[in-house]
Amino acid sequence: MIENSKRIVFKFGTNILRNEDGDISLAHLYSFVEDLSYLYKQNREILIVTSGAVGLGAKKLKIDTSTSTTLKQAAASVGQPMLMSIWQDGFEKYGITTAQILLTEEDFSNRKKYLSLRLTLHKLLENGVIPIINQNDAVSPAELEHASFSDNDKLSSIVASKLDADLLVMVSDVDGLYDKNPKEYPDAKLISKVKKVTPKIEKLATGASLGGRGGMITKLTGAKVATQSGLYAKIVNGKVPSIIRKVFDDNIGTTFLPVNNLSHKKRWIAYATNIMGYIYVNIGAKNAIIKNQTSLLSVGIVKVKGNFKRGEVVGVKDEKGFEFARGIASYNSSDVEKIKGQHSDKIDEILGYKFDDDVIIKDNLVLI
């Protein structure tokens, strides 16, 4: 049940933290701190993913960051300590210690870094610390140019998935997911509960919000990652007074129900932020993987794309280009190119060595 959630990740977007002048709204942010402290003192573990560093820094420097990645990085480097200081000062008034965690995509796609990060965050929570998490925009242009985490909605869902959270709460400036755009249609109705994020549900989303990098599309992506990892997700309107205390109310916002419960390793495989290449397979291989949950054999491979090493995560696509699985490659891309379409007993003869009969073993393969 959602009300039994002990470990909760809260994501706060840029728009919900700013006032009409584009400045951080201290009154608004401190109201969140007060409510989060209330949940904390109920012995719940809290993690915060916060946006706002770039906008805060740009305001301080009086610069327009819309046309330059370098200026965005400069703004982030100025804005991030300001943003952290505000959160930290707020929680100190309630006797709660916070920690700053800045992340890039490599922290998740590199398994050693991911396991180290996971251990660090667990230790912080064990010691009663609230981690304050953001993308490391100041040093990683990839985060700004390509939006590797699809903004902090995706980042928060990955953090929630990897840290075994029970609930992800995306605090937005809208009440939740509607059956149509409420800004265009006055008769739009709020969808209070979503059993599964299907293509039909995804079509209800609109584009990015003004001032941020996300929108309902990225929130649905985040909800999909979270629910497929076995946890609840929720979208709530941060403009509603005391909304944080109301997150367990079924009549508030949109609640997304868990649909799966992957192992830690398979969560990492499914949602690794860096996919190093793709393997295309024929219909027979696709059916065997989906219906029989088999390994991927070289005989079913028709094409290889990208340059990946043995042990890296690759996507598995059918001949029409639809990605339906991800897995850890047992061979590098040049080797897979040589053995594609060949039976496993030919691998040693073709390559001069053989790591495994399978290009991706079933324990390292997950349907997405």
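Preceding this section is the structure that the text describes.
Residues numbered from 1 in each chain as written. Predicted model: local features only at pLDDT ≥ 70, side-chain atom pairs only at ≥ 80, totals over all residues. Heavy atoms only, no water.

## Side note on the sheet that holds strand 12 (residues 313-317)
So, point 1. Within the open sheet, the 5 strands sit side by side as 11-9-12-13-15. Their pairing is mixed. In this open sheet, the two edge strands, each paired with only one partner strand, are strand 11 (301-306) and strand 15 (365-367). Strand-to-strand twist in this sheet, taken as the mean axis angle between neighbours without regard to direction, amounts to 25°.
So, point 2. Two strands pair when backbone bridges link them, and strand 9 (residues 277-281) and strand 12 are joined in this way by 3 bridges, in the parallel orientation. Bridged to tyrosine 278 within strand 12 is glycine 315.
So, point 3. Docked against the sheet, helix 11 (residues 264-271) engages strand 12, strand 13 (323-328) and strand 15, running at close to 120° with respect to strand 13. (Pairing = 2+ DSSP bridges. Helix = DSSP H or I, 4+ residues; strand = E, 2+ residues; numbered from the N terminus. Axes fitted to C-alpha atoms, helices over the stretch in contact; angles between N-to-C directions. Contact = heavy atoms within 4.5 Å.)

## Some details on the packing of aromatic side chains
So, point 1. As enumerated under the stated definition, the model contains 6 aromatic pairs in all.
So, point 2. On the numbers, 5.3 Å between centres and 55° between planes, the contact of tyrosine 353 with phenylalanine 355 is tilted.
So, point 3. Residue tyrosine 353 is classed as partly exposed on the basis of its relative accessible area of 32%.
So, point 4. Ring-pair connections join several aromatic residues into one group, and the members of that group are Phe10, Phe12, Phe32, Trp87 and Phe91. (Phe/Tyr/Trp six-rings, centres within 6.5 Å; stacked < 30°, edge-to-face > 60°. Buried < 20%, exposed > 50% of the residue type's maximum accessible area, 1.4 Å probe, protein only.)

## Points about the side chain of aspartate 35
So, point 1. Tracing the backbone shows aspartate 35 in helix 2 (residues 26-40).
So, point 2. Residue classification places aspartate 35 among the buried residues on the basis of a relative accessible area of 6%.
So, point 3. At 2.8 Å, the side chain of aspartate 35 and the side chain of arginine 245 are in polar contact. (Polar contact = N/O pair within 3.5 Å; in protein donor to acceptor, adjacent residues only side chain to side chain.)

## Re the packing of helix 3 (residues 53-61) against helix 4 (residues 69-92)
So, point 1. As a packed pair, helix 3 and helix 4 sit with axes 6 Å apart at the nearest point and diverge in direction by 100°. Here helix 4 runs roughly perpendicular to helix 3, going by the angle between their axes. In contact with Ala53, Val54, Leu56, Gly57, Ala58, Lys60 and Leu61 of helix 3, helix 4 contributes Lys72, Ala74, Ala75, Ala76, Val78, Gly79, Gln80, Met82 and Leu83.
So, point 2. Across the contact of helix 3 with helix 4, the residue classes break down as 11 nonpolar, 3 polar and 2 charged. (Parallel < 35°, antiparallel > 145°, perpendicular 65-115°, else oblique. Nonpolar A, V, L, I, M, F, W, Y, C, P; charged D, E, K, R; others polar.)

## Overview of the sheet that holds strand 4 (residues 130-135)
So, point 1. Spatial ordering of the open sheet is given by 3-4-2-1-5-7-8-6, a layout of 8 strands whose pairing is mixed. Every interior strand has two partners, whereas the edge strands, strand 3 (98-103) and strand 6 (193-194), have only one.
So, point 2. As paired strands, strand 7 (residues 232-237) and strand 8 (residues 254-256) are joined by 3 bridges and run antiparallel to one another. Note that in strand 8 the partner of lysine 234 across the bridge is threonine 255.

## Section: the pattern of salt bridges
So, point 1. With the rule as written, the count across this model stands at 13 salt bridges.
So, point 2. We note a salt bridge from arginine 7 to glutamate 45, for which the minimum N-O separation is 2.6 Å. On the criterion of sequence distance, the pair formed by arginine 7 in strand 1 (residues 7-12) and glutamate 45 in strand 2 (residues 45-50) is long-range, its members being 38 residues apart.
So, point 3. Taken together, the salt bridges that share partners define one network made up of Lys11, Asp153 and Lys219. (Salt bridge = Lys/Arg side-chain N within 4 Å of Asp/Glu carboxyl O.)

Interpretation in functional terms is not warranted from these geometric data alone.
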